[in-house]
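# Structural description and commentary
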Amino acid sequence: MFNILITHLSSWFGIHGSVLSWFKSYLSSRSFRVKCDDNLYSFHTSSCGVPQGSVLGPLLFIMYTTPLSTLISSLSVDHHLYADDTQLFFSFHPVNFDSSISHLQDALQHISSWMTANRLTLNSSKTEFWLIRLKNQLAKIHNSSLDSSHALCS
């Protein structure tokens, strides 16, 4: 995971030389140990992640996931990236419901593949689909699997 972040820092953000070496030093060969009650356990070397509570942690995560934002944009889907959450959204005409859902499923497959390649996981149990529409628009959607309980009306 460190190597992926170092590659992103170099290729996406143009960080090279001594600054990149500083990041490598900051991220690699970090050790920690755990104390539970009166038991102090031996040191272990961290092989991934950034120091918990570090000032650089959130910034490095954003830099790590920047290519994901570019990928999503290339799929013609609007999005917002949050700390550890991504929101996709797009609008479509009711007659294009089936093709729009297929497009969204294809986009999710690309995103999931990118995440797997970058040692992240798309949590399908927290993945939701919301259909936000005007009341009279649902009648224009012809899809037997669509239950009106999954749609928000305004």
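As the structure is a computational prediction, the values presented were derived from the model and not from experiment.

## Let's talk about the packing of aromatic side chains
Considering all chains together, one arrives at four aromatic pairs under this definition. Judged by centre distance (5.4 Å) and plane angle (5°), the rings of Trp22 and Tyr26 are stacked. With Trp22 and Tyr26 both in helix α2 (residues 17-27), this residue pair falls four residues apart, about one helical turn. Take Trp22: its relative accessible area is 47%, and that puts it in the partly exposed class. Judged by centre distance (5.9 Å) and plane angle (55°), the ring pair of Phe92 and Phe97 falls under tilted. One aromatic cluster in this structure is built from Trp22, Phe23 and Tyr26. In this structure, Arg30 is placed above the aromatic ring of Tyr26, and the distance from its NZ or CZ to the ring centre is 5.1 Å.

## Some details on the packing of helix α3 (residues 56-74) against helix α4 (residues 97-117)
Axis separation between α3 and α4 bottoms out at 10 Å; the angle between their running directions is 160°. Between α3 and α4, the crossing angle belongs to the class labelled roughly antiparallel. Like other packed secondary-structure pairs, α3 and α4 cross with a definite hand, here right-handed. Contacts between α3 and α4 pair Tyr64, Thr65, Pro67, Leu68, Leu71 and Ile72 from the former with His110, Ile111 and Trp114 from the latter. Considering only residue class, the contact of α3 with α4 consists of seven nonpolar, two polar and no charged.

Each value, and the rule that gives it
Residues numbered from 1 in each chain as written. Predicted model: local features only at pLDDT ≥ 70, side-chain atom pairs only at ≥ 80, totals over all residues. Heavy atoms only, no water. Phe/Tyr/Trp six-rings, centres within 6.5 Å; stacked < 30°, edge-to-face > 60°. Helix = DSSP H or I, 4+ residues; strand = E, 2+ residues; numbered from the N terminus. Buried < 20%, exposed > 50% of the residue type's maximum accessible area, 1.4 Å probe, protein only. Lys NZ or Arg CZ within 6 Å of the ring centre and 35° of its normal. Axes fitted to C-alpha atoms, helices over the stretch in contact; angles between N-to-C directions. Parallel < 35°, antiparallel > 145°, perpendicular 65-115°, else oblique. Left-handed = near helix turned anticlockwise from the far one by under 90°. Contact = heavy atoms within 4.5 Å. Nonpolar A, V, L, I, M, F, W, Y, C, P; charged D, E, K, R; others polar.

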